[in-house]
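Below, each chain spelled out in residue letters.
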Amino acid sequence: MRRALRFALGSALVVTLTFGCAPRLMATGDPVYQPTLEPSSVAMSDGARLPLRVWPAEKPRAIIIGLHGMNDYSNAFEMPGVWFAAHGVTLYAYDQRGFGLAPGRGLWAGSDRMADDLKSVVNLVRARHPGLPVYLLGESMGGAVAMRAFALPEPPKVDGVILAAPAVWGWRSMNAFYETALWVSAHTVPSLTVTGQGLNIRPSDNIPMLRALGRDPLVIKETQIGTIYGLVNLMDDAAVSAGRIGVPVLLMYGAHDEIVPPIPVSRALRDMRAAGVDVKVACYPKGWHMLLRDLERETVWSDAAAWMAAPAMPLPSGADNLAPCEALASAAN
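Because the structure is a prediction, the values reported are computed rather than measured.

Caption draft 1: Just the state of the cysteines, in detail. In this structure the tally under the stated criterion is one disulfide. The disulfide partner of Cys-283 is Cys-325, and the S-S distance across this bridge is 2.0 Å. Handedness here is read from the sign of the S-S torsion; for Cys-283 and Cys-325, about 75°, the answer is right-handed. Separated by 42 residues along the polypeptide, Cys-283 in strand β11 (residues 279–284) and Cys-325 in the loop between α9 (297–309) and α10 (326–332) bring together distant segments of the chain. No difference in accessibility class separates Cys-283 from Cys-325, as the two residues are buried.

Here it is in structure tokens:
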């Protein structure tokens with residue numbers, strides 16, 4: 001993400017500022033309908049239908065709502081979904097607006113709308129599974145959406161939040177060049193698209209999985225500058241919301257993460273600690289950014305399942321030993 005942003009923003013700075021145009025958000029409607037949970041979609045209050053995937057446990061003891069990362073979609077939870085279902089946890093995942101087969105593909109919906117969508121999904125899933133604990137599992141951008149939702153006037157009613165490499169690299173963590181370049185680009189050429197090709201950034205050690213994503217037509221390969229601008233706004237909102245999370249949190253980070261830097265994550269952790277958030281931190285020495293699909297993914301899944309069952313207990317993998325992640329170890333103390 002960092003080198004991709006540097007290339008895109010540096011290129012956009014050569015655009016002459018003869019006129020400005022604000023980054024375009026996708027068109028969304030007013031809340032006039034009652035949200036409903038359908039077999040393969042979630043109908044939102046404005047009538048938008050967000051594709052839904054469910055991996056049902058035979059006799060569920062808990063529910064997870066999965067939030068995918070940037071340019072991905074609900075299929076991101078296929079691997080953990082099958083595993084969790086076999087271990088007594090039903091997993092729901094939906095395509096967020098602008099991604100997968102959801103409305104407005106490639107456009108940014110805005111962090112408020114994305115947080116509101118999440119709250120609606122939580123309410124619907126809770127109604128379908130009364131009495132069962134409900135957890136959020138946010139990967140990267142999905143983690144940022146989960147965090148942002150706790151800044152709503154009425155946050156979603158969940159029993160815990162699992163943040164897998166949450167995207168919190170917002171404005172406050174960005175240097176002046178990136179900040180200026182992104183603002184100029186987003187207000188002059190918001191529809192310009194960029195890719196991460198040739199940047200030699202490795203998101204995971206699971207090469208077959210990465211190749212499959214490259215072949216998947218529903219995974220977005222070219223991102224509009226305006227959407228990147230929206231993502232940074234969301235990441236900033238998530239960082240600000242860190243101390244507002246009123247439920248237990250499991251924060252997971254890979255020591256080899258090349259997408260989200262450790263310093264913004266450690267700052268979010270410090271904010272959580274300072275606000276009294278009940279947060280357990282896990283560092284995976286062999287983990288990359290895509291922790292839920294890396295080669296050692298089952299270790300991550302097992303830790304998440306163990307934490308949901310007994311959040312105060314040490315993690316089975318020993319990943320709560322933070323020595324390999326120095327920034328997080330410092331912030332946790």
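Caption draft 2: Local environment of the packing of helix α3 (residues 111–128) against helix α4 (residues 141–149). It is at 9 Å that the axes of α3 and α4 come closest, and there the two elements cross at 80°. Judged by the inter-axis angle, α3 sits roughly perpendicular to α4. Within the contact between the two elements, α3 uses Ser-111, Asp-112, Met-114, Ala-115 and Leu-118 and α4 uses Met-141, Val-145, Ala-146, Arg-148 and Ala-149.

Caption draft 3: Inspection of unusual backbone geometry at higher detail. Notably, Asn-71 is not glycine yet its phi reads approximately 65°, a positive angle. Here Asn-71 is to be found in the loop between β4 (62–67) and α2 (78–86). The backbone phi angle of Ala-165 is positive, close to 50°, even though this residue is not glycine. Locating Ala-165 in the fold gives a position in the loop between β7 (160–164) and α5 (176–188). For Ala-165, a relative accessible area of 0% translates into the label buried.

Calculation rules
- Along each chain, residue indices are assigned from 1 in the same order as the chain's sequence is written.
- Side-chain atom pairs in this predicted model are given and counted only at pLDDT of 80 or more, local residue features only at pLDDT of at least 70, and totals for whole chains, interfaces and linings cover all residues.
- Water and hydrogen atoms were dropped before computing side-chain values, which therefore reflect all heavy atoms in the structure.
- Disulfides are defined as cysteine sulfur pairs within 2.5 Å.
- Helix and strand labels come from DSSP, where a helix needs a run of H or I of at least four residues and a strand needs a run of E of at least two; each type is numbered from the N terminus.
- The classification of residues rests on relative accessible area computed with a 1.4 Å probe and restricted to protein chains. Under 20% of the type maximum is buried, over 50% is exposed, and intermediate values are partly exposed.
- Working convention: axes come from line fits to C-alpha atoms, limited for helices to the stretch in contact. Angles between N-to-C directions cover 0 to 180 degrees.
- Angles below 35 degrees are treated as roughly parallel, those above 145 as roughly antiparallel, those between 65 and 115 as roughly perpendicular, and all remaining angles as oblique.
- Working rule for contacts: check all heavy atoms of both residues, and any pair within 4.5 Å makes them a contact.

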